[in-house]
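# Architecture and fold: a report
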Amino acid sequence: MKKTVIAASLALMAITGSAQAGDFFSLPTNLSTLTPGNGGLINGATNPAADRLHLDIESKKYLAGYDDDREWSADPELRGSGNVIAEKIAYKAVSGGITTGIGTLTLLDWRVTTGVPLLPDEPQATIYDFVYRDSRDNALVFGTRYLNLVDNNQEVNFLYRYGFTGYSTAAAWTFLTDSDLRQYQAGATSSTSTSNLGLPYDPDAVRQRGDFSVSEENPWSGLFLVKTNATAYTLGNKAIGYFQAGEEGQSPAGGFIGGFVPTPPVPEPETYALMLAGLGLIGLAARRRAQRG
């Protein structure tokens, strides 16, 4: 979707209001394969006012020095940098035309990785990695923003967040600049397929789809968000993934970077008991074998 379409969508949203905007959409955990039909793959919409994944922003406050919210332009002299960090985002959640909640995302932590390659040994992008706290339910929210910087016909179609095994997840997105591209689809999968026909469920991953391309004049992702019931976060070697699916004939390519991930869940006491009992049985069997020997 090119920038002209984004501008038209924003204009329509201003006319119609935000009555049909969305909320964090829970991703199911009881499916082995995911499709739009069974609710495992959640599709957005071109018009943000009709997009159930889009958060309607009431206000936002940028971090000092990271407030360049100018639009992307094909003219380098007019082009914004895309380097924006929102430290406060006040949003309204809507379902079925009814406001269901009001919250504020407060920035807890952030990182930026520059020179991220797509083709071998060729820096392609900058990736921003965020952790927020949502005042609405005190939940952690992980955020990703991908900035494609090179006009070489290379694009990224999927962004991934990892580390959610043992936790629930819910997906959403919003604009940080008027040039940001929307989230097309979300699902709990690590698949690189562009098909919607039965993608495998992955409890560790959330995939968020877009189409970030300088050549198509939509190089920046929106702020893609994943809410979780994890209560703490840490740094991990595999936090954010990205993948070019080759939709316009490019060679499939991708990778991942380190960043913020949920702290792995602590096993329940019952699990510890089973583990100890299993170790005890193994030890008993080993002693009996030794005695027979």
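Remember, predicted model here, so these are calculated numbers, not experimental data.

Further remarks concern the overall build of the protein chain. When its secondary structure is counted, the protein chain shows two helices and 16 strands. When the 293 residues of the protein chain are sorted by exposure, 48% land in the buried category. For the protein chain, restricting intrachain contacts to residue pairs at least 6 apart in sequence, the fraction spanning at least 24 positions comes to 69%.

Let us look at empty space enclosed by the protein. Summed over all chains, the structure comprises two cavities of 30 Å³ or more. Reported here for the largest cavity is a volume of approximately 60 Å³. Its residues assigned to classes, the lining of the largest cavity comprises nine nonpolar, three polar and one charged.

Confidence in the prediction of the protein chain, expressed as mean pLDDT, is 88, and 84% of residues score 70 or more. Counting interchain partners and residues more than four positions distant, the pLDDT-below-50 stretch residues 1-19 has 38 contacts.

Take the sheet that holds strand β8 (residues 140-148) next. Sheet strands associate in pairs through backbone hydrogen bonding, adopting either a parallel or an antiparallel arrangement. Across the sheet, which stays open at both edges, the eight strands sit in the order β1-β10-β14-β8-β7-β6-β5-β4 with antiparallel pairing between neighbours. Each edge of the open sheet is held by one strand with a lone partner, namely β1 (25-26) and β4 (56-67).

On the basis of which strands lie adjacent, the open sheet formed by six strands has the order β3-β11-β13-β9-β15-β16 and antiparallel pairing. Because the sheet does not close on itself, it has two edges, and the strands there are β3 (41-43) and β16 (253-262). The mean inter-strand angle of the sheet, taken between neighbouring strand axes irrespective of direction, is 20°.

Looking now at the packing of aromatic side chains. Under the definition given, this model contains 12 aromatic pairs. Each ring, one from Y146 and one from F212, has its centre 6.1 Å from the other, and the planes form 35°; the classification is tilted. Here Y146 is found in strand β8, whereas its partner F212 is found in strand β13 (residues 205-213), with 66 residues between them in sequence. We classify Y146 as buried; its relative accessible area is 0%. Judged by its relative accessible area of 0%, F212 falls in the buried class. Considering the side-chain rings of Y233 and F260, the 5.6 Å spacing of their centres and the 90° angle between planes classify their relative orientation as edge-to-face. Here F260 lies in strand β16 and Y233 lies in strand β15 (residues 233-244), a separation of 27 residues in the sequence.

Our next topic: the pairing of β8. With nine of nine residues buried, β8 lies mostly within the body of the structure. Along β8, one buried face is formed by L140, F142, T144, Y146 and N148 and the opposite face, lined by V141, G143, R145 and L147, is buried too. Where strand β7 (residues 123-134) meets β8, nine bridges bridge the pair, whose relative direction is antiparallel. Looking across to β8, one finds that T126 is bridged to L147. Linkage of β7 to β8, two consecutive antiparallel strands, is achieved through a turn of five residues, within which N138 is found at a positive phi near 65°. Summarising the sheet, β8 and strand β14 (residues 223-228) pair through five bridges and their orientation is antiparallel. Across the sheet, the residue bridging to L140 is T228, located in β14.

Counting residues in hydrophobic clusters, the biggest one holds 31 residues, and the most contacted among them are I127, Y146, V156, L159, F212 and Y242. The set of elements that each furnish at least two residues to this core consists of β7, β8, β9 (155-162), β10 (169-174), β13, β14, β15 and β16. Per-element accounting of this core gives the leading share, four residues, to β16. Dropping the residues within four chain positions of it, V156 is found in contact with L118, Y146, G210, D211, F212, Y242, F243 and Q244.

As for its placement among the helices and strands, P48 is situated in the loop between β3 and β4. We classify P48 as buried; its relative accessible area is 1%. Along the backbone, P48 and F175 are 127 residues apart, and their C-alpha atoms lie at a distance of 9.7 Å.

On to the pattern of salt bridges, then. For the coordinates displayed, the defined rule picks out nine salt bridges. When the shortest N-O distance is used, the salt bridge between E87 and K61 registers 3.7 Å. Of this pair, E87 sits in strand β5 (residues 84-95) while K61 sits in strand β4; the two residues are 26 residues apart in sequence, bridging distant segments of the chain. For R70, the salt bridge identified is with D68, shortest N-O distance 2.8 Å. Owing to a relative accessible area of 44%, R70 belongs among the partly exposed residues under this scheme. Residue D68 is classed as buried on the basis of its relative accessible area, which comes to 17%. Each of D134, D137 and K227 takes part in one network of salt bridges that share partners.

Procedures and definitions
- Residues numbered from 1 in each chain as written.
- Predicted model: local features only at pLDDT ≥ 70, side-chain atom pairs only at ≥ 80, totals over all residues.
- Heavy atoms only, no water.
- Helix = DSSP H or I, 4+ residues; strand = E, 2+ residues; numbered from the N terminus.
- Buried < 20%, exposed > 50% of the residue type's maximum accessible area, 1.4 Å probe, protein only.
- Contact = heavy atoms within 4.5 Å.
- 1 Å grid on protein atoms, 1.4 Å probe; cavity = no way out; pocket = protein on both sides within 12 Å on 5 of 7 lines; lining within 4 Å.
- Points joined across faces, edges and corners; volume = space filled by probe spheres on them.
- Nonpolar A, V, L, I, M, F, W, Y, C, P; charged D, E, K, R; others polar.
- pLDDT = per-residue confidence, 0-100.
- Pairing = 2+ DSSP bridges.
- Axes fitted to C-alpha atoms, helices over the stretch in contact; angles between N-to-C directions.
- Phe/Tyr/Trp six-rings, centres within 6.5 Å; stacked < 30°, edge-to-face > 60°.
- Core = buried A, V, L, I, M, F, W, Y, C linked by side-chain atoms within 4.5 Å.
- Salt bridge = Lys/Arg side-chain N within 4 Å of Asp/Glu carboxyl O.

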